[in-house]
Amino acid sequence: MTSRQGPLNGVRVLDLTSVVMGPFATQILGDLGAEVIKVEPPQGDSLRGVGPWRNIGMGPLYLQNNRNKASVVLDLKTDDGQAALHELIGSVDVLISNIRPDAMRRLGLTNEAIRALNPSIITCNAVGYGSGGPLSGKAVYDDLMQAASGVAGLFGAVDGRPRYAPVNIGDRVSGLYIVIAVEAALFERARNGGAGQDIEVPMFETMAQFVLSDHMGGAAFVPALGDMGYPRLLSSHRGPYPTADGHLTVVVYTNPQWARFLELVGDPDLMVRDQRFADQRTRTIHADEVGQYLETCFVGRTTAEWLDLLARIDVPASPVNSIEDLLTDEHLNQVGFFTEYDHPTEGRIKTTRFPVEFSRTPATDFSPPSALGADTARIQPAPSGVS
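So, how was this worked out
- Residues numbered from 1 in each chain as written.
- Predicted model: local features only at pLDDT ≥ 70, side-chain atom pairs only at ≥ 80, totals over all residues.
- Heavy atoms only, no water.
- Helix = DSSP H or I, 4+ residues; strand = E, 2+ residues; numbered from the N terminus.
- Contact = heavy atoms within 4.5 Å.
- Areas by Shrake-Rupley, 256 points an atom, 1.4 Å probe, with all protein chains shown as cover.
- Buried < 20%, exposed > 50% of the residue type's maximum accessible area, 1.4 Å probe, protein only.
- Pairing = 2+ DSSP bridges.
- Right-handed = clockwise from strand over helix to strand, strands pointing away.
- Axes fitted to C-alpha atoms, helices over the stretch in contact; angles between N-to-C directions.
- Core = buried A, V, L, I, M, F, W, Y, C linked by side-chain atoms within 4.5 Å.

> In this structure, what is going on with the overall build of the protein? I would like to understand it.
Within the protein one finds 18 helices and 11 strands. Dimensions of the protein, computed from the C-alpha atoms along their principal axes, are close to 80 × 55 × 40 Å. In the protein, of all internal contacts separated by at least 6 residues, the share reaching a separation of at least 24 is 69%. Carbon and sulfur atoms form 56% of the exposed surface of the protein, whose accessible area is close to 19600 Å².

Laid out in structure tokens, this is it:
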């Protein structure tokens, strides 16, 4: 693996995660310069099985979530595999796992046992539900967390049909919390004598906080001052709004923005004439009526015409991109968001760069996702139980 140069240069991470949440987190750490050693079972991370692919086990989801990592195959059901893992544990700063707690205990990988091998290690256990609750230890996936945390129900509150967001939002949000927690623990360790600690990141609690930060509503007060939910986000008329040739997203938010917008559409006295539009408080209360008004405003011109007019009066607006549109987006291409590279086994690959800019220690994305077990011999000499 090429020498690291990001802000986490010198940090060594042992990655016992699979699917999306954990690998997304460890890829971020790798992009930031950490050396990430991904331990996979002989059959590999199950995400390798999601195609299409040129070679089985190297599909797009795996490729997009596992760069900047070494792949080491260990059979943890064997004594030799466990011995090899113990050697790795002794050499790293951080161990991240989303193996269920009962399975970790069966493998002898309790936090206490891990700390006996490496007193300064930071362990991070990504779980479905936090310890101590009645659901602790249950298996979860993103769909379950979208349902349990209220995300799917919010769609139902808008239009009567609960459904899932078409992106792994629970995995991605929880993955970001893993990164935040690990970096905070590394900072604390550096300040306070080098002692490690144990972290637990529960998906359910993480997503519940994420959702309720917007939708606590009147329940934020004791006793409650009204219903839960943020009316603007729950309005079925929030947009996007139809134009002459498509759809447009526009957020007319502040009073000055509304004044300029109403002048543009030829209705300059609406905020005086109709108290529902008078200020942000009343517009939030009457979010449905405000959305219905906006739906009538844009049908007479094309999306491009509206984008030009709204830019002139400094009202935020955006076209409604498809995922295909993102590949040709002018801004993304001008800032070098997409990267192409030659993978040693998979040919030409397109991916996205780490989106955050650092002035002195830039994030790096120079190590392509490894074929299953490609780095086993280099990272760890392989005894008989290690493939």
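Let us keep going from here.
> I'm lost on the pairing of strand β2 (residues 35-40) in this one. Help?
Along a regular strand, successive side chains alternate from one face of the sheet to the other. Burial runs high along β2: 5 of the 6 residues are buried. Here 4 bridges tie strand β1 (residues 12-16) to β2, and the two strands are oriented parallel to one another. When the sheet's bridge partners are listed, L14 is paired in β2 with I37. Of the crossover connections in this fold, the one passing from β1 over helix α1 (residues 21-31) to the parallel β2 is right-handed. Of the strand pairs in this sheet, β2 and strand β3 (residues 70-73) are connected by 4 bridges, and their pairing is parallel. Counted as the bridge partner of V39 is V72 from β3. With respect to chirality, the unit in which β2 leads through helix α2 (residues 60-65) into the neighbouring parallel β3 is right-handed.

> Teacher, can you tell me more about the sheet that holds strand β7 (residues 241-242) here?
Adjacent strands of a sheet pair through backbone hydrogen bonds, lying either parallel or antiparallel. Read from one edge to the other, the open sheet built from 3 strands follows the order β7-β8-β9, with strand pairing classed as antiparallel. Each having just a single partner strand, β7 and β9 (317-319) make up the two edges of the open sheet. Where β7 meets strand β8 (residues 247-250), 2 bridges bridge the pair, whose relative direction is antiparallel. By the bridge assignment, P242 is partnered in β8 with H247. On the sheet, helix α15 (residues 303-312) packs against β8 and β9 and is oriented at approximately 20° with respect to β8.

> Looking at this structure, I do not really get the nonpolar core. What am I missing?
The nonpolar side chains of soluble globular proteins are, as a tendency, buried together. Membership of the largest hydrophobic core comes to 28 residues, with the highest contact counts inside it found for V13, L29, V94, I96, I178 and V182. Looking at this core, the elements that each hand over two or more residues are α1, β4 (94-97), β5 (122-127), α8 (169-191) and β6 (198-202). In contact with I96, other than residues within four places in its own chain, are V13, L14, D15, L16, T17, T26, L29, C124, I178 and V182.

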